[in-house]
Amino acid sequence: MHWLQSLDVSLFRFINQTLSNPVFDVVMPFLSGNAWSFPIAISATVLIAFWLIWKDRPRGAVCVLMLALILGTGDMFISNAIKTGVARLRPFAALADVHKLVKAREDVSMPSSHAANWAAATMILFIYYRRSLLIMLPLAGAVCFSRVYNGVHYPSDVMVGAILGAGYAAGGAWTINALWQWAGRRWFPNRWKKLPSLLVPELVSKT
């Protein structure tokens with residue numbers, strides 16, 4: 001276990017210090033979220049959500065619903081709960097000479113909520129729009145890298161966060177679909193006939 005921790009710290013120092021440069025010092029805080037990037041990200045998310053709902057019903061509407069349900073519950077009840085339970089100090093709170101570029105809400109770091117949220121969003125969008133992976137995967141990877149570069153997470157934090165987010169996104173989508181097939185068939189038969197699957201919403205009945 002000790003050698004894994006040593007490797008984790010070594011990788012962190014390589015990304016956070018050895019790769020440090022003026023260009024990344026500007027780009028990486030933007031990717032992690034700052035005063036400018038948050039409003040831009042929220043505005044873009046709202047616009048994309050409205051576009052998906054308007055352009056590609058019912059698949060777009062179901063995709064947006066899945067994103068809202070899974071990202072909200074996953075961040076609050078899974079990522080944050082594990083982070084509090086593990087209580088691993090962030091690199092800037094545990095190591096000396098950390099190149100810290102962004103603020104953090106708390107001093108615990110495992111897993112990375114940014115990594116979990118981006119991996120979950122990537123997984124959900126992939127379920128409904130396969131080509132979205134070409135955009136979402138590089139973006140998610142860049143955000144994960146930025147969390148280490150900015151000094152607020154170890155590489156293992158983002159790796160665990162990404163695996164966790166992708167996992168609970170896939171499991172959540174399957175669970176919600178299973179609940180809909182069980183409850184919809186019994187309590188909302190007319191709506192269920194029109195939308196028998198939330199994972200394959202294009203199978204909408206025309207009758």
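Criteria and thresholds
Residues numbered from 1 in each chain as written. Predicted model: local features only at pLDDT ≥ 70, side-chain atom pairs only at ≥ 80, totals over all residues. Heavy atoms only, no water. Helix = DSSP H or I, 4+ residues; strand = E, 2+ residues; numbered from the N terminus. Buried < 20%, exposed > 50% of the residue type's maximum accessible area, 1.4 Å probe, protein only. Areas by Shrake-Rupley, 256 points an atom, 1.4 Å probe, with all protein chains shown as cover. Lys, Arg positive; Asp, Glu negative; His and termini not counted. Charge placed at Lys NZ, Arg CZ, Asp CG, Glu CD. 1 Å grid on protein atoms, 1.4 Å probe; cavity = no way out; pocket = protein on both sides within 12 Å on 5 of 7 lines; lining within 4 Å. Points joined across faces, edges and corners; volume = space filled by probe spheres on them. Nonpolar A, V, L, I, M, F, W, Y, C, P; charged D, E, K, R; others polar. Contact = heavy atoms within 4.5 Å. Phe/Tyr/Trp six-rings, centres within 6.5 Å; stacked < 30°, edge-to-face > 60°. Lys NZ or Arg CZ within 6 Å of the ring centre and 35° of its normal. Core = buried A, V, L, I, M, F, W, Y, C linked by side-chain atoms within 4.5 Å. Polar contact = N/O pair within 3.5 Å; in protein donor to acceptor, adjacent residues only side chain to side chain. Salt bridge = Lys/Arg side-chain N within 4 Å of Asp/Glu carboxyl O.

## Details of the overall build of the protein
Here is step 1: What the protein contains, in helices and strands, is 9 helices and 0 strands.
Here is step 2: Ordering the α and β elements of the protein from the N terminus gives α-α-α-α-α-α-α-α-α.
Here is step 3: Judged by the C-alpha coordinates and their principal axes, the protein covers about 65 × 35 × 25 Å.
Here is step 4: Evaluated residue by residue, the protein yields a buried proportion of 37% over its 207 residues.
Here is step 5: For the protein, the exposed area adds up to about 12100 Å²; of that, 72% sits on carbon and sulfur atoms.
Here is step 6: The positive charge centre, built from 19 side chains, and the negative charge centre, built from 9, are 16 Å apart in the protein.

## Quick notes on the layout of surface pockets
Sizing a probe to match a water molecule and rolling it over the atoms shows the empty space that remains.
Here is step 1: Its volume calculated, the second largest pocket comes out at about 200 Å³.
Here is step 2: In terms of lining residues, the second largest pocket is bounded by 10 residues, among which Leu4, Gln5, Asp8, Arg88 and Ser156 are the most central.
Here is step 3: Among the secondary structure elements, those contributing two or more residues to the lining of the second largest pocket are α1 (2-18) and α8 (155-187).
Here is step 4: The leading source of residues in the lining of the second largest pocket is α1, at 5 residues.
Here is step 5: Partitioned by chemical class, the residues of the lining of the second largest pocket number 6 nonpolar, 2 polar and 2 charged.

## Concerning the side chain of serine 32
Here is step 1: Mapping serine 32 onto the fold places it in helix α2 (residues 22-32).
Here is step 2: The exposure class of serine 32 is buried, given its relative accessible area of 4%.
Here is step 3: The residues contacting serine 32, other than those within four sequence positions of it, are Val102, His114, Ser146, Arg147 and Asn150.

## Considering the side chain of lysine 83
Here is step 1: Within the element layout of this structure, lysine 83 appears in helix α4 (residues 59-86).
Here is step 2: Judged by its relative accessible area of 3%, lysine 83 is buried.
Here is step 3: When near neighbours in sequence (up to four residues on either side) are disregarded, lysine 83 contacts Arg90, Glu106, Val108, Ser109, Met110, Pro111 and Ser113.

## Overview of the packing of aromatic side chains
Here is step 1: In the structure shown here, the tally under the stated rule is 6 aromatic pairs.
Here is step 2: Residues phenylalanine 145 and tyrosine 149 carry aromatic rings whose centres are separated by 6.4 Å and whose planes lie at 25° to one another, so their mutual orientation is stacked. Highlighted residues: phenylalanine 145 and tyrosine 149, both in helix α7 (residues 133-149), separated by 4 residues, approximately one helical turn.
Here is step 3: Residues tryptophan 180 and phenylalanine 188 carry aromatic rings whose centres are separated by 6.4 Å and whose planes lie at 15° to one another, so their mutual orientation is stacked.
Here is step 4: Judged by its relative accessible area of 42%, phenylalanine 188 falls in the partly exposed class.
Here is step 5: Ring pairing ties together the aromatic residues Phe24, Phe145 and Tyr149, which thus form one cluster.
Here is step 6: Looking at lysine 100, its charged tip hangs above the ring of phenylalanine 92, at a distance of 4.9 Å from the centre.
Here is step 7: For the cation-ring pair, arginine 130 lies above phenylalanine 126, with the distance from its terminal atom to the ring centre recorded as 4.7 Å.

## A short note on the nonpolar core
Here is step 1: Counting 23 residues, the largest nonpolar core has Cys63, Met66, Ile70, Ile124 and Tyr128 as the members making the most contacts within it.
Here is step 2: The set of elements that each furnish at least two residues to this core consists of α3 (37-55), α4, α6 (113-128) and α8.
Here is step 3: In this view, tyrosine 128 contacts Arg59, Val62, Cys63, Met66, Leu198, Leu199 and Pro201; residues no more than four positions away in its chain are not counted.
Here is step 4: Counting 10 residues, the second-largest nonpolar core is a separate cluster that includes Met28, Cys144, Val148 and Val158.

## Some remarks on the environment of asparagine 80
Here is step 1: Along the chain, asparagine 80 turns up in helix α4.
Here is step 2: Along the backbone, asparagine 80 and isoleucine 48 are 32 residues apart, and their C-alpha atoms lie at a distance of 27 Å.
Here is step 3: Excluding residues within four positions of it along the chain, asparagine 80 makes contact with Asp75 and Ser113.
Here is step 4: Separated by 3.1 Å, the side chain of asparagine 80 and the backbone oxygen of aspartate 75 make a polar contact.

## Section: the pattern of salt bridges
Here is step 1: Here the structure, examined in full by the defined rule, presents 2 salt bridges.
Here is step 2: With its nearest N and O atoms 2.9 Å apart, the salt bridge here joins arginine 88 to aspartate 8. Remark: aspartate 8 occurs in helix α1 and arginine 88 occurs in the loop between α4 and α5 (91-94); sequence separation between them is 80 residues.
Here is step 3: A salt bridge links aspartate 157 to arginine 88; the nearest nitrogen and oxygen atoms lie 2.9 Å apart. Here aspartate 157, found in helix α8, pairs with arginine 88, found in the loop between α4 and α5; they are 69 residues apart in sequence, far enough to count as distant.
Here is step 4: Taking relative accessible area as the criterion, aspartate 157 reaches 0% and is therefore assigned buried.
Here is step 5: Beyond isolated ion pairs, a larger network of salt bridges with shared partners links Asp8, Arg88 and Asp157.

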